[in-house]
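Now for the letters of each chain:
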Amino acid sequence: MRKVVSSPFISLDGVVQSPNEWQFAFDEEMGAALGKALETADTILMGRVTFTEWAGYWPTVTSGEDAGFAQWINDSPKYVVSSTLDSVEDWANSTLIDGDLTAAIEKLKAGKGKDITVAGSPTLVRSLLELDLLDELVLLIHPVVAGEGRKKLFVDDTALKKLELVSAEPTSSGVIIATYRPLR
C-alpha cells in the first residue's frame, strides 16, 4: 500500500507559510532528505492555495537549478483537494478531488505506484492527519522564530493527535529532520 507523506519546512513557532522569507540556510542534508522524498514518491497531493500559487509558476520553469524539480512536478500526477475550484486543467496531469476526501485518498493509496507526497497545503495536512490518512510527517524544523502573520501547521483548536518519533537527525545548519508516524 502506498503511503501519504508530508515534508514541510517549519519554524520553531510552527510556521510553514512562505519559508523563503524565514529559511536562512539550505544544506546538503536537507537536499538529500528532499531528494529521497522525490525518489520515493510519484504522485502529488495539494490543496487549492498551493495549486493556484504553483500552477502559474512551475510549468514555466525550464532551466536553472529548479529545472529538475519542475520537470518532476510537471510530469507527475497531481491531485488537488478543493471544494471551491471548478477545474484544475490549467496544469497538466492535474485532477480535482472535490468529493469525499477519505474515499479519494484511500483509492489513491490502494493504487499502484510509489508514495504520495503532500506539497505545502497545511490545511490539507491537518485534515489528512485528523482523518487518519497521513502516514508520515517529516518536519524540517528550522532554528528560527518566524513570527506572527503567517500560517502555522497546527492551529490552536487542533484536536489531540499522538504521533511516534521514527527518526531525528540534525543537519549542519542546525535544522532537525524529524520523522513522525501517527499512532493508530
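Preceding this paragraph is the structure being described.
Below: a short report on this structure. These numbers were taken from a predicted model, which means no experiment stands behind them.

## Considering the overall build of the protein chain
And step 1. Helix and strand counts for the protein chain stand at 5 helices and 9 strands.
And step 2. For a compact globule of 184 residues, the expected C-alpha radius of gyration is about 16 Å, and the protein chain comes in at 16 Å, within 12% of that figure.
And step 3. Dimensions of the protein chain, computed from C-alpha atoms along their principal axes, come out at roughly 45 × 40 × 35 Å.
And step 4. Looking at the protein chain as a whole, 41% of its 184 residues qualify as buried.
And step 5. Restricting to contacts in the protein chain with at least 6 residues of sequence separation, those with at least 24 account for 70%.
And step 6. If you sum the accessible surface of the protein chain, you get close to 10200 Å²; carbon and sulfur atoms cover 51% of it.
And step 7. In the protein chain, 17 side chains carry a positive charge and 27 a negative one; their mean positions are 6 Å apart.

## Overview of the pattern of salt bridges
Note that side chains of opposite charge can pair when their charged atoms are close.
And step 1. Scanning all chains against the criterion turns up 6 salt bridges.
And step 2. For the salt bridge of Asp42 with Arg2, the shortest nitrogen-to-oxygen distance reads 2.8 Å. Of this pair, Asp42 sits in strand 3 (residues 41–47) while Arg2 sits in the segment before strand 1 (4–6), and the two are 40 residues apart along the sequence.
And step 3. Given the relative accessible area of 25%, Asp42 is considered partly exposed.
And step 4. As a salt-bridge pair, Glu136 and Arg181 come within 2.9 Å of each other at their nearest N and O atoms. Taken as a pair, Glu136 in strand 7 (residues 136–142) and Arg181 in strand 9 (residues 176–182) lie far apart in primary sequence, 45 residues in all.
And step 5. Where salt bridges share partners, they join Lys3, Glu136 and Arg181 into one cluster.

## Remarks on the packing of aromatic side chains
And step 1. By the definition in use, this model includes 6 aromatic pairs.
And step 2. Look at Phe51 and Trp91: their rings are 6.0 Å apart centre to centre, the planes differ by 35°, and that puts the pair in the tilted class. Placement of Phe51 in helix 2 (residues 48–55) and of Trp91 in the loop between strand 4 (78–81) and strand 5 (94–97) is noted, with a sequence separation of 40 residues between them.
And step 3. On the basis of relative accessible area, Phe51 is assigned to the buried category, the value being 4%.
And step 4. Judged by relative accessible area, Trp91 falls into the buried class, the value being 2%.
And step 5. An aromatic cluster is built from Trp54, Tyr57, Trp58, Phe69 and Trp72, whose rings are joined through pairwise contacts.
And step 6. Across from the ring centre of Trp91, 4.8 Å away, lies the NZ or CZ of Lys78, which sits over that ring.

Calculation criteria
- Residues numbered from 1 in each chain as written.
- Predicted model: local features only at pLDDT ≥ 70, side-chain atom pairs only at ≥ 80, totals over all residues.
- Heavy atoms only, no water.
- Helix = DSSP H or I, 4+ residues; strand = E, 2+ residues; numbered from the N terminus.
- Rg over C-alpha atoms; globule rule 2.2 N^0.38 Å.
- Buried < 20%, exposed > 50% of the residue type's maximum accessible area, 1.4 Å probe, protein only.
- Contact = heavy atoms within 4.5 Å.
- Areas by Shrake-Rupley, 256 points an atom, 1.4 Å probe, with all protein chains shown as cover.
- Lys, Arg positive; Asp, Glu negative; His and termini not counted.
- Charge placed at Lys NZ, Arg CZ, Asp CG, Glu CD.
- Salt bridge = Lys/Arg side-chain N within 4 Å of Asp/Glu carboxyl O.
- Phe/Tyr/Trp six-rings, centres within 6.5 Å; stacked < 30°, edge-to-face > 60°.
- Lys NZ or Arg CZ within 6 Å of the ring centre and 35° of its normal.

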